[in-house]
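This is what each chain is made of:
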Amino acid sequence: GGWYCFNRENCDTRYDTMRRLMSSREWPATRVGTGILSSQPEENPHWWNANMVFIPYCSSDVWSGASSKSEKNEYAFMGALIIQEVIKELVGKGLSTAKVLLLAGSSAGGTGVLLNVDRVAEQLEEMGYQGIQVRGLADSGWFLDNKQYRRTDCIDTITCAPTEAIRRGIRYWNGIVPERCKLQFKEGEEWNCFFGYKIYPTLRCPVFVVQWLFDEAQLTVDNVHLTGQPVQEGQWLYIQNLGRELRNTLKDVSASFAPACLSHEIITRNHWTDIQVKGTSLPRALHCWDRSLHESNKNGKAPLKGCPIHLIDSCPWPHCNPSCPTIRDQFTGQEMNVIQFLMHMGFDVQKMAQQQGLEPSKLLGMLSSGS
């Protein structure tokens, strides 16, 4: 993951300020795998012993580009080609005998999974490896092309509405979207395929979607900035509505994990085992998904009892799930509990209690227990 840039100016800025996202020159020689990349069983209960390959992001094109450096464009955008080359190289390193290949990514990398998972499956089939089941795990890459809270002109990556940024980006990167998705939209409308709920129904490979209901990157592009000032009522309603919209788009996603938290990215965080939805942790849900795919391959049986894979919080506001990651005050660095956080956001407990027909103390109790 790591956003993207979509024109000469903001790619120049990115090169000056975030060089590690555009060049490998300053990459560390080694990295320690955390979360799903950890080799410690207590941090990564089901896949600690898997073969893992980490592909850093330096193409700035949501893993979609296919353009080399030219007279016209002095940056190369080769995200889609990088993935294909990595697959080609891995076949000679043991991938050819794999039963399952899981393509996983966070943020822009999560969107990259949605854009590339079917192409990887096709590539392996064309190379003669039909036996490898290709699957996707998209973390924090399921964005909405909703209306921004405040409309802003498309100046830089952060202020530009996602649809406009991607529209410009595809042209700049010579971006590739999967054929089956492309066919759903008119020419020039390929940007639609960067949005999870539009591309997902066209995918052939099984994909597990992990998405915070109140994703910080989504709020940023929607121009909701939680800076420690109390949130205005309009913002508060916007945030709650965002959670509802997101929940709706995940209704028909058979394998999903969507906690009602304000956060961004999870699978490579070392606390990824702590977050639960309806009593199930993410590693457990992924394990259930893995087993369900394994079982259905054998005999198409009903889903496993007590092993859920469709987990979406139903409570309506950020951090109403008590297992959410800790929030810190952006200015003081102090940890906050749910009630402090809501007060800090300008949440009016009295008023909310009235609306719900509850005593304020009862509402506070419910908030802190996450019910």
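Look a little higher up for the structure.
To keep things clear, this report deals only with the structure shown in the data block. As the structure is a prediction and not an experimental result, all values here were calculated from the model.

1. Points about the overall build of the protein chain
Per the secondary structure count, the protein chain includes 12 helices and 11 strands. Taking 21 Å as the expected radius of gyration for a compact globule of 371 residues, we find that the protein chain reaches 21 Å, a close match to that expectation. With respect to the principal axes defined by its C-alpha atoms, the protein chain has extents near 65 × 50 × 45 Å. Taking all 371 residues of the protein chain together, the buried fraction comes to 50%. For the protein chain, the proportion of contacts with a sequence separation of at least 24, taken over those separated by at least 6, is 71%. When the accessible area of the protein chain is evaluated, it comes to approximately 18600 Å², of which 49% is carbon and sulfur surface.

2. Notes on a negative patch on the surface
A surface patch of negative charge is lined by Glu 122, Glu 125, Glu 126 and Glu 179. The dominant element in the negative patch, judged by the number of residues it contributes, is helix α3 (residues 108-126), at three residues. Mapping Glu 126 onto the fold places it in helix α3. Residue classification places Glu 126 among the exposed positions, given a relative accessible area of 72%.

3. A short note on the nonpolar core
Across soluble globular proteins, nonpolar side chains show a tendency to be buried alongside one another. Within the largest apolar cluster, 81 residues are counted, with the highest numbers of intra-cluster contacts made by Val 62, Leu 124, Trp 173 and Phe 194. Top contributing element to this core by residue count: α3, with eight residues. Beyond its immediate stretch of four places on either side in the chain, Val 62 contacts Tyr 4, Tyr 57, Ala 108, Thr 111, Gly 112, Leu 115, Ile 166, Trp 173 and Phe 194. Of all hydrophobic cores here, the second largest spans 25 residues; its members include Phe 208, Ile 266, Cys 288 and Leu 293.

4. What to know about the packing of aromatic side chains
Applying the stated criterion across every chain yields a total of 12 aromatic pairs. Between the aromatic rings of Trp 191 and Phe 195, the centroid separation amounts to 6.1 Å while the plane-to-plane angle is 85°, which identifies the pairing as edge-to-face. For Trp 191, a relative accessible area of 8% corresponds to the buried category. With a relative accessible area of 2%, Phe 195 lands in the buried category. Three or more aromatic residues joined by ring pairs make a cluster, and in this case those are Trp 3, Tyr 4, Phe 6, Trp 173 and Phe 194. Across the ring face of Tyr 15, the terminal group of Arg 19 is positioned such that the distance to the ring centre comes to 3.7 Å.

5. Brief notes about the state of the cysteines
With the rule as written, the count across this model stands at six disulfides. Sulfur-sulfur distance for the disulfide between Cys 154 and Cys 160 comes to 2.0 Å. Its S-S torsion of about -90° marks the bond between Cys 154 and Cys 160 as left-handed, since a negative value means left-handed. Covalently, Cys 315 is tied to Cys 320 through a disulfide, its sulfur atoms 2.0 Å apart. The disulfide joining Cys 315 to Cys 320 has a torsion of about 80° about its S-S bond and is therefore right-handed. A residue is classified by how much of its surface remains accessible, and Cys 315, at 12% relative accessible area, is buried. Just so you know, Cys 58 is unpaired, no disulfide at all, and the nearest cysteine sulfur is the one on Cys 5, 11 Å from it.

6. Some remarks on the pairing of strand β2 (residues 133-139)
Regular strands have side chains that alternate between both faces of the sheet. Burial within β2 is extensive, with six of its seven residues counted as buried. Two strands pair when backbone bridges link them, and strand β1 (residues 100-106) and β2 are joined in this way by seven bridges, in the parallel orientation. Note on β2: the bridge partner recorded for Leu 103 is Gly 136. The parallel pair β1 and β2 is bridged by α3, and the resulting crossover is right-handed. Alignment of β2 against strand β3 (residues 207-210), held across four bridges, turns out to be parallel. Paired with Gly 136 across the strands is Val 207, a residue of β3.

7. Some words on the sheet that holds β1
Across the sheet, five strands lie side by side as β1-β2-β3-β5-β9; this open sheet has parallel pairing. Strands with a single pairing partner mark the edges of an open sheet, and in this sheet they are β1 and β9 (310-312). Averaged over all pairs of adjacent strands, the angle between strand axes in this sheet comes to 10°, irrespective of strand direction. Together, β1, β2 and β3 form the strand contacts of α3, whose direction differs from that of β1 by roughly 155°.

8. Describing the environment of Trp 191
Here Trp 191 lies in the loop between α5 (179-182) and α6 (196-199). For the pair Trp 191 and Arg 167, spaced 24 residues apart in the sequence, the C-alpha separation amounts to 5.5 Å. If we skip the residues at most four places from it in the chain, Trp 191 touches Asp 145, Thr 163, Ile 166, Arg 167, Ile 170 and Lys 198.

Parameters and conventions
Residues numbered from 1 in each chain as written. Predicted model: local features only at pLDDT ≥ 70, side-chain atom pairs only at ≥ 80, totals over all residues. Heavy atoms only, no water. Helix = DSSP H or I, 4+ residues; strand = E, 2+ residues; numbered from the N terminus. Rg over C-alpha atoms; globule rule 2.2 N^0.38 Å. Buried < 20%, exposed > 50% of the residue type's maximum accessible area, 1.4 Å probe, protein only. Contact = heavy atoms within 4.5 Å. Areas by Shrake-Rupley, 256 points an atom, 1.4 Å probe, with all protein chains shown as cover. Patch = residues over 30% accessible without salt bridge, like charges linked within 9 Å, V, L, I, M, F, W, Y side chains within 5 Å. Salt bridge = Lys/Arg side-chain N within 4 Å of Asp/Glu carboxyl O. Lys, Arg positive; Asp, Glu negative; His and termini not counted. Charge placed at Lys NZ, Arg CZ, Asp CG, Glu CD. Core = buried A, V, L, I, M, F, W, Y, C linked by side-chain atoms within 4.5 Å. Phe/Tyr/Trp six-rings, centres within 6.5 Å; stacked < 30°, edge-to-face > 60°. Lys NZ or Arg CZ within 6 Å of the ring centre and 35° of its normal. Disulfide = S-S within 2.5 Å. Pairing = 2+ DSSP bridges. Right-handed = clockwise from strand over helix to strand, strands pointing away. Axes fitted to C-alpha atoms, helices over the stretch in contact; angles between N-to-C directions.

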